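Below are the chains, spelled out letter by letter.
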Amino acid sequence: MTSPTTGAGADSSVNGPDAARQSLATGTAGIALLHLERALAGTGSCADAHRQIRAAATGPLDGGLHTGLYYGTPAIAFLLHCAGKADGRYETAAATLDQHVARLTHRRLTAAADRMQHGGAGSLGEYDLFYGLTGIGVLLMQRMPRSDIFADVLRYLTVLVRPREQDGLLLPGWWAAHDPDPILPTPGGHANLGMAHGAAGILALLALAMCHGHVVEHHGEAIDQLTQCFDRWRQHDAKGDTWWPQWLTRDDLQAGRPRQPAPGRPSWCYGTPGIARALQLAAIATNDPGRRADAEHALAACLTDVHLSRLTDLGLCHGLAGVYATAHRAAADAQEPSLTQSLPAVTTAIQTAAHHHDHHDTPGLLTGHAGIHLAAETARNGTTGTGWDTCLLIT
């Protein structure tokens, strides 16, 4: 492999094919990860991987304030970071993009600080994993873990999670003033609890940073605030299995209970698997064996046929591939035997499903072919060569 040609700078006006190729979620960047993983595992060729990486990384890169881990300059930087593990010649291009990512992060943090200073509510795009500062923090933890800019992201998150009062109601600090989805209105905003867009993602990043020795002021307090939130809103189904609502509304906060009547699908993005992994990581970081056991039991319960039957697709975001990837990483850290005992059946299930999956289906990472087969490659090999799953914040 040789180093790809990258744009000389970051362009915030790209669209069409240029935008699609630099999407980790649905475009070429995510597909390139699959080819790279296969090349390292010996089930694909380095030449194919290089072609895909070039296709994703060659041309103008979007460096606007709307970009994040799953799109634009940070997404390509993440891809090149994974490629650099296989071939050091990618490191030059990755290091060039590090400078752009650091400048983007500074701009994002300045905008967030200005918003906080004026007392306005935030948005998912400000802080979430896909396009916000949590996702950018994932990249910084890989590329610049001891930098001031990564520490600044951690400091921002410790401030973000502090509760704030609005109209006589105490809101979680990461309250978003908008709906989680246009077809699912939440008048007055919502507090998202999931890994992809909410509190679980923030908690996982803070916990992983602490596990690796990257700690800032009030770091432990922020972890404690988030775990207490999950304690407060923990629910149980008829069998006694743990679940959490996808998000909290003003009505939920006022009533003291969620209107969501039953657990959603057991997914990485919003469901119990992602939340349980975040809580397991927090317990490891803070040396809390009781919370660790609870989290591992909650995740293991999701791996039964009863719960897995509620999945409607195979993808990483809200399907079987995401459940497998999460459980695989959690089982590697588990102290409770129930999780490791449940994993082999899910391992077999994702390999079988990927074998029969229609290759002409959606090609992308989050909901399509690339993500399904990345999970299957991990299941087949028992590990990842690229560390692709760090973009899911499960490791």
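As a starting point, this report considers the structure included with it. All values reported here derive from a predicted model rather than from experimental measurement. (Residues numbered from 1 in each chain as written. Predicted model: local features only at pLDDT ≥ 70, side-chain atom pairs only at ≥ 80, totals over all residues. Heavy atoms only, no water.)

**Observations regarding the packing of aromatic side chains**
In this structure the tally under the stated criterion is five aromatic pairs. Both rings, one in Tyr70 and one in Phe130, keep their centres 4.7 Å apart while their planes meet at 50 degrees; by these two values the pair is tilted. Of this pair, Tyr70 sits in the loop between helix H3 (46-57) and helix H4 (73-84) while Phe130 is found in the loop between helix H6 (124-127) and helix H7 (133-143), placing the two residues 60 residues apart along the sequence. Assessed through its relative accessible area of 0%, Tyr70 is described here as buried. (Phe/Tyr/Trp six-rings, centres within 6.5 Å; stacked < 30°, edge-to-face > 60°. Helix = DSSP H or I, 4+ residues; strand = E, 2+ residues; numbered from the N terminus. Buried < 20%, exposed > 50% of the residue type's maximum accessible area, 1.4 Å probe, protein only.)

**Digging into the pattern of salt bridges**
Think of it this way: side chains of opposite charge can pair up when their charged atoms draw near. Throughout the structure, instances matching the rule amount to 17 salt bridges. A salt bridge links Arg51 to Asp48, with the shortest nitrogen-to-oxygen separation between them at 2.1 Å. Linking Arg51 with Asp48, this pair stays in helix H3, spanning three residues, or about one helical turn. Between Glu377 and Arg380 there is a salt bridge, with its nearest N and O atoms 2.9 Å apart. Here Glu377 and its partner Arg380 are both found in helix H17 (residues 369-381), three residues apart, which amounts to about one turn of the helix. Look at Glu377 and you get buried, because its relative accessible area is 3%. (Salt bridge = Lys/Arg side-chain N within 4 Å of Asp/Glu carboxyl O.)

**Some thoughts on the state of the cysteines**
Counted according to the given criterion, the structure contains zero disulfides. Cys269 provides the cysteine sulfur closest to Cys302, a residue in no disulfide bond, and the two sulfurs are 13 Å apart. By relative accessible area, which is 5% here, Cys302 ends up buried. This cysteine, Cys391, is not joined by any disulfide, and Cys82 carries the nearest cysteine sulfur, 7.6 Å off. Assessed through its relative accessible area of 0%, Cys391 is described here as buried. (Disulfide = S-S within 2.5 Å.)

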